[in-house]
Amino acid sequence: MVSEPWSGHNGAVWSVAVSPEGARVVSGGQDGSVRVWDMATGVPVGDPWIGHKGGVRSVAVSPDGSRVLSGGEDGSVRVWDLATGVPVGDPWLGHQGRVLSVAVSPDSSWVFTGSQDGSVRVWELATGVPVGDPWLGHQGRVLSVAVSPDGSRVITGGADESVRVWDVVSGDPVGDPWLGHQGRVWSVAVSPHGSRVVSGGDGAVRVWDMATGVPVGDPWTGHTGGVWSVAMSPDGSRVVSGGDGSVRVWDVATGASMGHPWTGHQGPVLAVVVSPDGSRVVTGGDDGSVRVWSWEESRPTSTVHRYAGVRSDVAGVEDLLGMGPDATTVAALLAAVETEPPLSVALLGNWGSGKSTFMRLVQAQVASFAEIAQHHPNSAYAAHVRQVQFNAWHYSDDHLWVGLVEHLFRELSDKTPAPPADDQDRHRLEEQLAQQKVEKARLDNDLRRIDDLDPQRGWWGWIGQFHRSMLVVRAFGAEARTQLHRKLWLPAALLVLAIVLATVTVLVGDTVAATIRGVLGLTGVAALLGAVRARVTAAWTVARDLTESNRSRLLADQTERAERIVELERQLTERDPARQLNHLLSEITAPDRYGGYRGLTGRIHDDLRRLSDQLAAARKRDRLALRRIILYVDDLDRCVSRRVVEVLQAVNLLLSMDLFVVVVAVDPRWLLGALDEQHGHLLNIRSTTAGQAFDPTNHGGRSQPLDYLDKIFHLSYAVPPMSGHATTYLRDLLPTVEPNTDGEQRTPTAKTSVHSASAPRSGAGPDMAPTAPAASTTQTAADATSTPAGGVPPSAELDSAEVTMAVPELPPPPEVQSLYLQPHEANFLPKLAPLVPTPRGVKKLANTYRLLRISVPDNALGAFLGDREHGGPYQAAALLLTAIIANPGHARRLLDELGAAQPEPDVVDTLTAIGGPLASQLAAFVADVRRESPVHGSTVTYQRWIGPVARHSFDTYDLFTGDTNRGQGGGTIRGTG
């Protein structure tokens, strides 16, 4: 029986570890916390450990059981006391990027870390002092680190598709990189006896011989997406792997999968570990849960006989509420090639209405569209779209701008596309580049040591000249061994010979002669000292001159290596333009990039402009280059008012670049309340007191809040209400009926996941607005959470996760057409322009009508458009859209009273009876247009379009969702600071 998952993390669980005695489980997550759990009960032990400024990428427990090590997105390593949870000392700083993996030596003396900056570092556990220089070799991020059982070797897996082995004592690579994976190597593990290495990455698990680096047998395949984590049992007989929503167990001897995959996580399995006694497997998932499994049952362990199986409130990707068609509509808008960034969309809904789930469904569908487009060059959708999700609540601190922009750039830097794996010339250039970087790093270090011995520092510098000369000799020897300059052997040999001869001459020849003379009388002492000093000075001068001459040669060699590195980088960039983007993103994701906060807006704008210009240039060269970045901002309605306004300002900055599409999920009541607190003295914002009426006409000439929001958001779209799906939704959340109680067992309701590129709707009559029943495309939970082989895990690479879910088999490309208007439709719509007071309003009307128009199903389109002689319901929809965009304050009253009116009269009579400036203006407009062409006049049609139109405005969205309790949640937001 499946055990109850352990819930507590607010986001994905990126890493898990077990204490040596097996009593405690440690987990690190996207929410920036380290948590400790009781293995036997699953109960959290104490409070979460908070310290990292960002997600916790990796955790490890020291073999002596006293310490927990954690590596974070903030580039630091932290040490915690396992017994008390108290931090031990200050954070360890040294990496120039996120710390992605942490491992501890078997004797608990050393800590090994791998980072986004491409380096491996060694630290002394007791002091936190880094040992030696960083180990360089990987061409990209170091994603995983493991230590051999004897502590003599470190094994690393990288984004460059390689596995590397390092000698712990020297820090040098052992042999060549192990190549075989066709994608990033996300995880490595070592067998208990140290003879085998296991790696996981591109949908496959591979086993390597430690001594030779030769693959042992064929890759083990079975996962339908990336393999994010691997672990070995203590006896070395089994390997556990986590990936596509499942956990798999493999027999090491045969490579065969043992039993059925273990399923239970609602999303990718990002971390696996086996308990020291081998009895349990612990996993962490993208769904935010930790699970414990037993070998014997091949499924999660139950610690009680019955459990409640309570569902977490984390947004999922199963469409239990029938949101699929609406999510597809929004996704098609975001992914369409004809949609030109910049663009911003506000997803509107009250707290708990499913905005986060809706957003993830949109992300999944955009990813599906992009996947299809990559295989169909003439697709109407962009083939290369980068999706980044930002949780505003996680960064609700004093520098939210910094958090948002740094998060955005970090996510982009982690997801630059991998170049083709079979490009031999690229591999050759990369090997040369790696070698040049290693040799230059060694030469830089040698020159630094040489220059530390300054010969001008008095007697100490004078005495150290011979040591300095020997360092130059050693540097020359190292350079000669690289065969870069065979000519260096001669200067090095001459320098050594000069030093030896001078020293022998001084200390043997002249000293002996002078000593004999000194025996003959006291006056010989002065002569002896003078002779020695003269010879030593001469030797010192010779050594100095030769040292400086040859140091100049080393500096020239250093310059030559730097130029060679630049040239190799240039050649690689020509073959792989994505490298150029990598370099830029590496620069602007430096940990202290925005550390000073001075001229912050200017620096951010400059970085964004450089990014936008570079990607624009790349698009001209390559059809598959990145076309747009979609940023999803969630949980804005959990932030205090000042943070809300800061996010709106940041969104506005992003929209100054023709690169970004921004989707913001927000409760309009909270948003208006935030504007009231921050800008109420400038904007005529409604009273936030429940039940107090708002008079839109009494604003004394001040700007309206929607004027402010119209500058930020180009489109508004309310998430669909639960309505008729409530019954099936509740039933799906309840346990299944126990078998053998009434002779049959209930079959769970099919759960749908937005996937189909075409999303048919039903229920639209000749003049009815479209309805949105549950999507007809069904898909299993495993399918819904799968990722492409070698892809990026939904949240291991994103703050709340870039959802890169794709189905194992691509569907046939959907028939996609550009939106075309009918002649009579195109003739009527421009007549609405005089009703809209601003150019921005006119543009918003055009965009919103496009979005509404594509929501009408094909089988109802004819009735919706009507004909030239009689008009059609499209006119009712367009007129109501004009009302909410041109005059949102009056539109609220208009829609309320229109909905309560008698359905039989002509709309002109209905509008006249309603009265007021807006209703009278629309009535006069319809009457005037009717002098030349027909306008649909059935009041009941206008009433049917109230909901679908109202969803596109902050002021009226609740008429669509059905939640008209507008006084709740819209009050003053306290604690703004």
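Within every chain, residues take consecutive numbers counted from 1 along the sequence as written. The predicted origin of the model limits local features to residues at a pLDDT of at least 70 and limits the giving and counting of side-chain atom pairs to 80 or more, whereas totals for whole chains, interfaces and linings rest on all residues. To obtain the side-chain values, all non-hydrogen atoms of the structure were used and water was disregarded.

Asker: Kindly report on the sheet that holds strand β25 (residues 262-263), identifying the contributing residues and their values.
Answerer: The pairing of strands in a sheet comes from backbone hydrogen bonds and takes either a parallel or an antiparallel form. Across the sheet, four strands lie side by side as β22-β23-β24-β25; this open sheet has antiparallel pairing. Bordering the open sheet on either side are β22 (229-232) and β25, each of which pairs with just one other strand. As paired strands, strand β23 (residues 238-242) and strand β24 (residues 246-251) are joined by five bridges and run antiparallel to one another. Residue Arg238 lies in a different strand from β24, and its bridge partner there is Asp251. Two strands qualify as a pair provided that DSSP identifies no fewer than 2 bridges between them. Per the convention used, a helix needs a DSSP run of H or I reaching at least four residues, while a strand needs a run of E reaching at least two, with both numbered from the N terminus.

Asker: Could you give an account of the packing of aromatic side chains, with specific residues and numbers?
Answerer: Here a pair means two rings of Phe, Tyr or Trp (six-membered ring of Trp) with centres within 6.5 Å. Their orientation is stacked below 30 degrees between planes, edge-to-face above 60, and tilted elsewhere. As enumerated under the stated definition, the model contains 17 aromatic pairs in all. Relative to Phe954, the ring of Phe713 lies with its centre 5.7 Å away and its plane at 40°, an arrangement referred to as tilted. Of this pair, Phe713 sits in the loop between α13 (705-712) and β34 (715-718) while Phe954 sits in the loop between α24 (946-950) and α25 (957-961); the two residues are 241 residues apart in sequence, bridging distant segments of the chain. Both residues of the pair, Phe713 and Phe954, count as buried. In this structure, Arg57 is placed above the aromatic ring of Trp14, and the distance from its NZ or CZ to the ring centre is 4.1 Å. We note Arg951 situated over the ring of Tyr717; from NZ or CZ to the ring centre the distance is 3.8 Å. Any residue under 20% of the maximum accessible area for its type is buried, any over 50% is exposed, and the rest in between are partly exposed; the area is computed with a 1.4 Å probe on protein chains only. By the criterion adopted, a ring carries a charge over it if an Arg CZ or a Lys NZ lies within 6 Å of its centre and within 35 degrees of its normal.

Asker: Explain the environment of Gln943 to me, and be specific about the residues and the numbers.
Answerer: In this structure, Gln943 sits in helix α23 (residues 939-944). Spatially, the C-alpha atom of Gln943 lies 10.0 Å from that of Val907, the residues being 36 residues apart in sequence. Any pair of residues with heavy atoms lying within 4.5 Å of one another is described as a contacting pair. Leave out the neighbours within four places in its chain, and Gln943 touches Leu898, Gly899, Ala901, Gln902 and Pro903.

Asker: I'd like a description of the pairing of strand β26 (residues 269-274), backed by residues and values.
Answerer: Most of β26 sits inside the fold, with six of its six residues counted as buried. As paired strands, β26 and strand β27 (residues 280-285) are joined by five bridges and run antiparallel to one another. When the sheet's bridge partners are listed, Val274 is paired in β27 with Val281. In sequence, β26 turns back onto β27 through a hairpin of five residues, with Gly278 there showing a positive phi of about 75°.

Asker: I'd like to hear about the nonpolar core, residue by residue, with values.
Answerer: Counting 43 residues, the largest nonpolar core has Phe828, Leu832, Phe864 and Leu879 as its most contacted members. Of all the elements in the fold, those that place two or more residues in this core are α17 (839-854), α18 (858-865), α19 (873-886), α20 (888-900), α21 (907-914), α22 (917-929) and α24. Looking at which element gives the most residues to this core, the answer is α19, with 10 residues. Within the second largest apolar cluster, 38 residues are counted, among which are Leu348, Leu654, Val664 and Ala674. Throughout this description, the term nonpolar core refers to a set of buried Ala, Val, Leu, Ile, Met, Phe, Trp, Tyr and Cys residues connected via side-chain atoms within 4.5 Å.

Asker: Residues and numbers for the sheet that holds strand β32 (residues 628-634), please.
Answerer: Across the sheet, five strands lie side by side as β31-β32-β33-β30-β34; this open sheet has parallel pairing. Of all the strands in the sheet, the pair left with one neighbour each is β31 (385-391) and β34. Each adjacent strand pair in this sheet contributes to an overall mean axis angle of 20°, direction not counted. Inspection of the sheet shows strand β30 (residues 343-348) paired to strand β33 (residues 660-666) by six bridges, in the parallel sense. Directly across from Val345, in β33, lies its bridge partner Val663. For every element, the axis is a line fit to its C-alpha atoms; helices are fit only across the contacting stretch, and the angle between N-to-C directions ranges from 0 to 180 degrees. Its contacts with the sheet place helix α11 (residues 641-654) against β32 and β33, and it is angled at close to 160° to β33.

Asker: Could you give an account of the pairing of β33, with specific residues and numbers?
Answerer: One face of the sheet, then the other: side chains in a regular strand alternate in exactly this way. β33 sits mainly inside the fold: seven of its seven residues count as buried. Of the two faces of β33, the one carrying Phe660, Val662, Val664 and Val666 and the one carrying Val661, Val663 and Ala665 are both buried. Across five bridges, the pairing between β32 and β33 is parallel. If you follow Ile629 over to β33, its bridge partner there is Phe660. Crossover handedness is defined here as right-handed if the route from the first strand over the helix to the second strand goes clockwise, with the strands pointing away from the viewer. Read from β32 through α11 to β33, the crossover connection turns out right-handed.

Asker: Any chance you could break down the packing of α20 against α22 for me, citing the residues and the numbers?
Answerer: Relative orientation of the contacting elements α20 and α22 amounts to 80°, with a least axis distance of 8 Å. Considered as vectors, α20 and α22 are oriented roughly perpendicular to each other. Contacts from His890, Ala891 and Leu894 in α20 reach Pro917, Leu918, Ala919 and Leu922 in α22. We call two directions roughly parallel when the angle between them is under 35 degrees, roughly antiparallel when it is over 145, roughly perpendicular when it lies between 65 and 115, and oblique otherwise.

Asker: Give a description of the pattern of salt bridges that names residues and reports values.
Answerer: For side chains bearing opposite charge, pairing can occur when the charged atoms are close. Definition used for salt bridges: Asp or Glu carboxyl oxygen within 4 Å of a side-chain nitrogen of Lys or Arg. For the structure on display, the rule yields 19 salt bridges. Notably, a salt bridge pairs Arg643 with Glu646, separated by 4.0 Å at the nearest N-O pair. Residue Arg643 and its partner Glu646 are located together in helix α11, separated by three residues, close to a single helical turn. Judged on exposure class, the residue Arg643 and its partner Glu646 are both buried. Here the salt bridges do not stand alone but share partners, grouping Arg57, Glu73 and Arg98 into one network.

Asker: Describe the packing of α21 against α22, and please don't skip the residues or the numbers.
Answerer: α22 packs onto α21 with a crossing angle of 155° between their chain directions and a minimal axis gap of 8 Å. Of the possible angle classes, the one that applies to α21 and α22 is roughly antiparallel. Of the two possible hands of crossing, α21 and α22 adopt the one that is left-handed. Residues Val908, Leu911, Thr912 and Ile914 of α21 form the contact with α22, whose own contacting residues are Ala919, Leu922, Ala923, Val926 and Ala927. Note on residue classes: Ala, Val, Leu, Ile, Met, Phe, Trp, Tyr, Cys and Pro are nonpolar, Asp, Glu, Lys and Arg are charged, and everything else, Gly too, is polar. When grouped by side-chain class, the residues that make up the contact of α21 with α22 number eight nonpolar, one polar and no charged. Put simply, a crossing is left-handed when the front helix is turned counterclockwise from the back one by less than a right angle, and right-handed when it is turned clockwise.

Asker: Tell me what's going on with unusual backbone geometry, and back it up with residues and numbers.
Answerer: Following Pro341, the chain continues into Pro342 via a peptide bond in cis, with omega recorded as 5°. In this fold, Pro342 is placed in the loop between α1 (324-335) and β30.

Asker: Break down the confidence of the model for the chain for me, citing the residues and quoting the values.
Answerer: Residues of the chain with pLDDT of at least 70 account for 67%, and the chain-wide mean is 76. Every residue in residues 506-513 is under pLDDT 50, and counting partners more than four places away or in other chains gives 11 contacts. Within a predicted model, pLDDT stands for the predictor's per-residue confidence, ranging from 0 to 100. Taken together, the stretch residues 741-768 has pLDDT below 50 and engages in 73 contacts with residues farther than four places along the chain or on a different chain.

Asker: Could you give an account of α20, with specific residues and numbers?
Answerer: Multiplying one less than the number of residues by 1.5 Å gives the expected span of a helix. For α20, which comprises 13 residues, the first-to-last C-alpha distance of 19 Å matches the rise-based estimate of 18 Å (1.5 Å per residue) to within 8%. What α20 keeps buried is the set Pro888, His890, Ala891, Arg892, Leu894, Leu895 and Leu898.

Asker: Describe the side chain of Gln387, with residues and values.
Answerer: Tracing the sequence through the fold places Gln387 in strand β31. Pairs of N or O atoms are called polar contacts if they sit within 3.5 Å, as long as, within protein, a hydrogen donor faces a hydrogen acceptor (for residues adjacent in sequence, only side-chain-to-side-chain pairs). Reaching out from Gln387, the side chain makes a polar contact with the backbone oxygen of Gln363 at a distance of 3.1 Å.

Asker: With reference to specific residues and values, describe the environment of Ser279.
Answerer: Inspection of the secondary structure puts Ser279 in the loop between β26 and β27. Sequence separation between Ser279 and Ser233 is 46 residues; the distance between their C-alpha atoms is 9.0 Å. For Ser279, the residues in contact, after removing those within four places along its chain, are Trp293, Ser294 and Trp295. Engagement of the side chain of Ser279 in a polar contact is seen with the side chain of Asp277, the distance being 2.9 Å.

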